[in-house]
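Structural overview
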Amino acid sequence: MTLSERPVQPGAGSAPVVDPDYPVTPVPAYARKSFVSLAIVLLGFTVFTPTMLAGAQLGSAFALGDLLRVILLGSLILGTYVALLGWIGAHTGLTTVVMARYVLGNRGSKLGSLLLGGTQIGWYGVVIGTIGDLTAQAFSWESDLAKAAVMIVTSVLMCLTACYGYRGMYWVSAISTPLILILAFWVLFRSLDEVGGWSGLADVEPNGSMTMAVAITTVVGTFVSAGTQAPNWTRFARTGNQALLACVIGFLIGNGLMIFFGATGAMTFGQGDFVLVLYDLGLVTWGLVLLFGNLWKSNADTAYAFGVAGAELFEKPTKTPFVIGGSVIGTVLALAGVQNHLVDYLVLLGVFIPPLGGVVIGDYLARWRRGGMPEGERLPALNLPNLTVYAVASGAAWIAKETEFGVPPVIGVLLAAFGSYAVGRAGLNRRLS
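If you check an unreviewed UniProt entry, the chain appears there as Cytosine permease from Nocardioides humi. A UniProt comment under Subcellular location (unreviewed entry) is attached to the chain, and it reads "Membrane". Taken verbatim from the UniProt record of the chain, the Sequence similarities (unreviewed entry) comment is "Belongs to the purine-cytosine permease (2.A.39) family."

As structure tokens, this is what we get:
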């Protein structure tokens, strides 16, 4: 019996629930959400305007036909990887960092919490800083104090939403995502008018160059790190199939659309960020609505992610103190201008985080699929076989990145998944009783 299948009910002799989002314990059956609710949250997570900047790079390097092939292949890779993790999250009812306890050991799992939580705090700061910069650009502000005030106010809103948990992120996503998609499709149609329809778009000649492998890596890399934490939300799914389908909608369709929108914006307007395209079209107000609505919900997801990572790292039953603490750190980083310096660091972490998801997938399929991850299971401090697999897979992904060989995130995930599956089936990771 898996953790999520245990018939736990409120007040039925169980410990009182400290945090209604269950950051370090399995989500019980009565707290699970509908498929529509989960799909809205995940779609809201991936409909993320900075993703369009990656699409802009592709739009300047490929003609329309090749561009569509790159987006489709990259999105299939990303969607498959995230869907597998999401399916596991639904079956276990656990976050990625808590599942890492079973995979890497009680102490080894802290590596996952530091990687995932640390990355998300840095990304939170980048987004807060971006909001401040684009708002100042829209109103032609030169005052650093005004920009700082925008950063602090928006950070408070995002932090409160994350503290409110799944329900807060659901309502923000439900309100903002349809508006963002309507604006995005409207700008797409304006782009098509600019070049004379689809035939005109197909005739646009690329003015840059990029290899197919690098292009696919770019698509996969847009959300592979955040996608590794998909179980943070899919653990609320009622069935594994619902979680899988919701991940496909969010990470294959939603993320793929945002990349395509960014690419067409670059091909027609020379600008991949729809916020700036709207500015150029004289729609500053709508640009700001898009900016705040989109980044509010996405950064609330980010704060939620480092909140549950902190709860696991320090073995506390509530995420709220870590959401607040991480938000404060991220805001300080934004005020220091981290958005201008952190991109390369985040890309590097994107090489090291996907193998963690690969190890979780392989080990779960090898050892835990039939019996589940039972609560109270005695676990080693360090699961050395899986930690070794993770280190080898991460090293291979880093070498692939440095040598521009293949698709580094895919190499890391596949090596980690097959390696952990092999050592699990060979009995090198025997359960302790």
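On we go from here.
**Let's talk about a nonpolar patch on the surface**
A contiguous nonpolar patch, built from Ile152, Val156, Leu160 and Leu335 and spanning about 360 Å² of accessible area, is present on the exposed surface. Sort the elements by how many residues they give to the nonpolar patch and helix H6 (residues 144–164) lands first, with three residues.

**Remarks on the packing of aromatic side chains**
Going through the model one piece at a time under the given rule, you end up with eight aromatic pairs. Their ring planes at 5° and their centres at 5.6 Å tell us that phenylalanine 314 and phenylalanine 322 sit as a pair that is stacked. Its relative accessible area of 53% is what places phenylalanine 314 among the exposed residues.

**Remarks on the pattern of salt bridges**
With the rule as written, the count across this model stands at seven salt bridges. Measuring nitrogen to oxygen at the nearest pair gives 2.8 Å for the salt bridge that ties arginine 101 to glutamate 312. Of this pair, arginine 101 sits in helix H4 (residues 96–104) while glutamate 312 sits in helix H14 (residues 284–313), placing them 211 residues apart in sequence. Given a relative accessible area of 0%, glutamate 312 falls into the buried group. One salt bridge connects lysine 147 with aspartate 133, and the closest N-O pair in it is separated by 3.3 Å. With lysine 147 in helix H6 and aspartate 133 in helix H5 (residues 109–139), this residue pair connects regions lying 14 residues apart in the sequence. Of the residues examined, lysine 147 reaches a relative accessible area of 22% and is grouped as partly exposed.

Scoring rules and cut-offs
- Residues numbered from 1 in each chain as written.
- Predicted model: local features only at pLDDT ≥ 70, side-chain atom pairs only at ≥ 80, totals over all residues.
- Heavy atoms only, no water.
- UniProt positions renumbered as here; feature names shortened; annotations may be inferred.
- Patch = residues over 30% accessible without salt bridge, like charges linked within 9 Å, V, L, I, M, F, W, Y side chains within 5 Å.
- Areas by Shrake-Rupley, 256 points an atom, 1.4 Å probe, with all protein chains shown as cover.
- Salt bridge = Lys/Arg side-chain N within 4 Å of Asp/Glu carboxyl O.
- Helix = DSSP H or I, 4+ residues; strand = E, 2+ residues; numbered from the N terminus.
- Phe/Tyr/Trp six-rings, centres within 6.5 Å; stacked < 30°, edge-to-face > 60°.
- Buried < 20%, exposed > 50% of the residue type's maximum accessible area, 1.4 Å probe, protein only.

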